[in-house]
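# Summary of the model geometry
Each chain, letter by letter, is given below.
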Amino acid sequence: MSVLEADKVSKTFEMEKNKIPVLDNVSFSVGNDEFVCLVGPSGCGKSTMLRIIAGLEKADSGTVKFHGEPITKPNSKIAMVFQLFGLLPWKTSLENVELPLEVLDIDKEERTRTAQEYLEMVELKGFENTYPHDLSGGMKQRVGIARALALKPEVLLMDEPFSSLDELTAKTLRELVLDIWRDPDLPTNTFIMVSHNVEEAVFMADRVIVMTARPGRIIGDVKVDIPRPRRSHMREAKYFELVDKIVELLEIGKKNQH
């Protein structure tokens, strides 16, 4: 049973009187407990697809359904982590995590308790009253992850969440996200992540959906059948074979650009 289903999604942007097709007839589904990565050349519509799933953009044609119901607006069961953190600089870590709960009209005591719980989960206990300008990039992204998880969503969308971080920090946060995904006590068990890093995608995902250059179409859907946890399998031939296969699809897809 699919949790999310994209069916023939197309999207065109108008810029300075020019029409730029970004997505063309994109269809895929994501099941319960599945971790899916979208990869593709820059500008291929990966992030736009994620925003359509989040209800932040509307497709020109086609539909995205959540449990069989079309997504027409943001849904608290689908949360998103942004590439550039998206934190409000005048609010503390705690207040940033509380913000979406406040929008949902959850009472102050409960939202503070929930925010504290999720900040502790992302290892930021003690930084509740710290403002974003005093946090490192990795810590800011932890606040972003805590804010998304505090909604207790069923689906977590992540738009290149580690791309602005140094590799050591990114590695730590990848492991943290996988721990959250595998935690049976958390309601968030379906993840869709946009990445430009093929090795990252193979390390994290059950499936890697490969898109062509703009307008983005799906050129491949690669199953990653490597046992978890994968850290000990990253030097094995199977891992490199999958990376090479996806890179090859990306090279073919680059020739698509209009």
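Presented here is an overview of the structure given in this document. As a convention, each chain's residues are numbered from 1 in the sequence order in which they are written. Thresholds applied to this predicted model are a pLDDT of at least 70 for local features of residues and 80 or more for the giving and counting of side-chain atom pairs; totals over whole chains, interfaces and linings are not thresholded and use all residues. The side-chain numbers reported here are obtained from all heavy atoms of the structure, hydrogens and water having been left aside.

Another point: the packing of aromatic side chains. Whether two aromatic rings pair depends on their centres lying within 6.5 Å, for rings of Phe, Tyr and Trp, where Trp uses its six-membered ring; planes under 30 degrees apart make the pair stacked, over 60 edge-to-face, and the rest tilted. The final tally for this structure, using the stated rule, is 3 aromatic pairs. Relative to Trp181, the ring of Phe35 has its centre 5.5 Å away and its plane inclined at 85°; by these criteria the two rings are edge-to-face. With Phe35 in strand S3 (residues 35–39) and Trp181 in helix H5 (residues 167–182), the pair connects residues that are 146 residues apart, well separated along the chain. Taken individually, Phe35 and Trp181 each receive the classification buried, so the pair is uniform in this respect. Measuring from ring centre to ring centre gives 5.3 Å for Phe35 and Phe191, while their planes differ by 20°; the resulting arrangement is stacked. With a gap of 156 residues between them, Phe35 in strand S3 and Phe191 in strand S8 (residues 190–194) connect regions that are remote in the sequence. You'll find Phe35 and Phe191 in the same group, each marked buried. Among the aromatic side chains, those forming a connected cluster through ring pairs are Phe35, Trp181 and Phe191. Helical segments are the DSSP runs of H or I of at least four residues, strand segments are the runs of E of at least two, and each set is numbered from the N terminus. For every residue, the accessible area obtained with a 1.4 Å probe (protein chains only) is divided by the maximum for its type, and the residue is called buried under 20%, exposed over 50%, and partly exposed between those limits.

As a further point, take the sheet that holds S8. In short, DSSP must find at least two bridges between two strands for them to pair. Read from one edge of the open sheet, 6 strands run S6-S7-S8-S3-S9-S10, paired in mixed fashion. Two strands in the sheet have a free side with no partner beyond their single neighbour: strand S6 (78–81) and strand S10 (218–223). Across the sheet, the mean angle separating the axes of adjacent strands is 15° when strand polarity is ignored. The axes are straight lines fitted to the C-alpha atoms, using for helices just the contacting stretch, and the angles between their N-to-C directions are given from 0 to 180°.

Next up on the list: the sheet that holds strand S1 (residues 2–15). Strands sit in the order S2-S1-S4-S5 across an open sheet of 4 strands; the sheet is antiparallel. Every other strand in the sheet has two partners, leaving strand S2 (18–31) and strand S5 (69–70) as the edge strands with one partner each. Of the pairings in the sheet, the one linking S1 to strand S4 (residues 61–66) comprises 5 bridges and is antiparallel in character. Within S4, the position partnered with Glu5 by the bridge is Lys65.

Tracing the sequence through the fold places Thr172 in helix H5. Separated by 10 residues in the primary sequence, Thr172 and Phe162 place their C-alpha atoms 9.9 Å from one another. Two N or O atoms form a polar contact when they lie within 3.5 Å of each other; inside protein one atom must be a possible hydrogen donor and the other a possible acceptor, and for residues adjacent in sequence the pair counts only when both atoms belong to side chains. Within the structure, the side chain of Thr172 is placed 3.1 Å from the backbone oxygen of Leu168, a separation counted as a polar contact.

This paragraph deals with the packing of helix H4 (residues 137–150) against H5. Relative orientation of the contacting elements H4 and H5 amounts to 15°, with a least axis distance of 11 Å. Between H4 and H5, the angle falls in the class roughly parallel. Here the hand of the crossing between H4 and H5 comes out right-handed. Contact residues: Gly138, Gln141, Arg142, Ile145 and Leu149 in H4; Thr169, Thr172, Leu173, Leu176, Val177 and Ile180 in H5. Three classes are used: nonpolar for Ala, Val, Leu, Ile, Met, Phe, Trp, Tyr, Cys and Pro, charged for Asp, Glu, Lys and Arg, and polar for all others, with Gly counted as polar. Among the residues forming the contact of H4 with H5, the class breakdown is 6 nonpolar, 4 polar and 1 charged. When describing relative orientation, an angle under 35 degrees is termed roughly parallel and one over 145 degrees roughly antiparallel, while 65 to 115 degrees is termed roughly perpendicular and anything else oblique. Two helices that cross are described as forming a left-handed crossing if the nearer one is turned anticlockwise from the farther one by less than a right angle, and a right-handed crossing if clockwise. By definition, residues are in contact when any of their heavy atoms lie within 4.5 Å.

With that settled, the discussion passes to the nonpolar core. The nonpolar side chains of a soluble globular protein tend to be buried, and buried together. Of all hydrophobic cores here, the largest spans 54 residues; its most connected members are Phe35, Val202 and Ile246. Among residues more than four places away in sequence, those in contact with Ile246 are Val39, Val198, Val202, Val208, Val210 and Val222. In this text, buried Ala, Val, Leu, Ile, Met, Phe, Trp, Tyr and Cys residues form a nonpolar core when linked through side-chain atoms within 4.5 Å. The next biggest cluster of nonpolar side chains, apart from the first, holds 28 residues, and it includes Leu23, Cys44, Leu157 and Val194.

Looking now at the layout of surface pockets. Reported here for the largest pocket is a volume of approximately 360 Å³. Space inside and on the surface of the protein is sampled on a 1 Å grid over the protein atoms alone, with a cavity defined as a set of points where a 1.4 Å probe fits but cannot get out and a pocket as an open set with protein on both sides within 12 Å along at least 5 of 7 lines; lining residues have an atom within 4 Å of a point. In this structure, the largest pocket is lined by 16 residues; those nearest its centre are Pro74, Ile78, Ala79, Met80 and Leu151. Counting only elements with at least two residues in the lining of the largest pocket, the list comes to S6, helix H2 (93–103) and H4. Taken together, the residues of the lining of the largest pocket break down into 12 nonpolar, 3 polar and 1 charged. Grid points are joined across faces, edges and corners, and a volume is the space filled by probe spheres set on the points.

To continue, consider helix H1 (residues 46–53). Within H1, 6 of the 8 residues are buried, which leaves the element mostly enclosed by the surrounding structure. Turning to H1, its buried residues are Lys46, Thr48, Met49, Leu50, Ile52 and Ile53. Remark: Gly55 follows H1 within two positions and exhibits a positive phi of approximately 80°.

Here the focus is the pattern of salt bridges. By definition here, a salt bridge exists when the distance from a side-chain nitrogen of Lys or Arg to a carboxyl oxygen of Asp or Glu is within 4 Å. On inspection of all chains with the given rule, the structure shows 16 salt bridges. Between Arg111 and Glu98 there is a salt bridge, with the nearest N and O atoms lying 3.8 Å from each other. Here the residue Arg111 occupies a position in helix H3 (residues 108–121), and Glu98 occupies one in helix H2, the gap between them amounting to 13 residues. Glu98 matches Arg111 in its accessibility class, with the two residues each being buried. Two residues, Glu200 and Arg174, come together in a salt bridge whose shortest N-O distance is 2.8 Å. Of the two residues, Glu200 sits in helix H6 (residues 198–204) while Arg174 sits in helix H5, which places them 26 residues apart along the sequence. Classification of Glu200 as buried rests on a relative accessible area of 7%. The class of Arg174 is buried, set by a relative accessible area of 7%.

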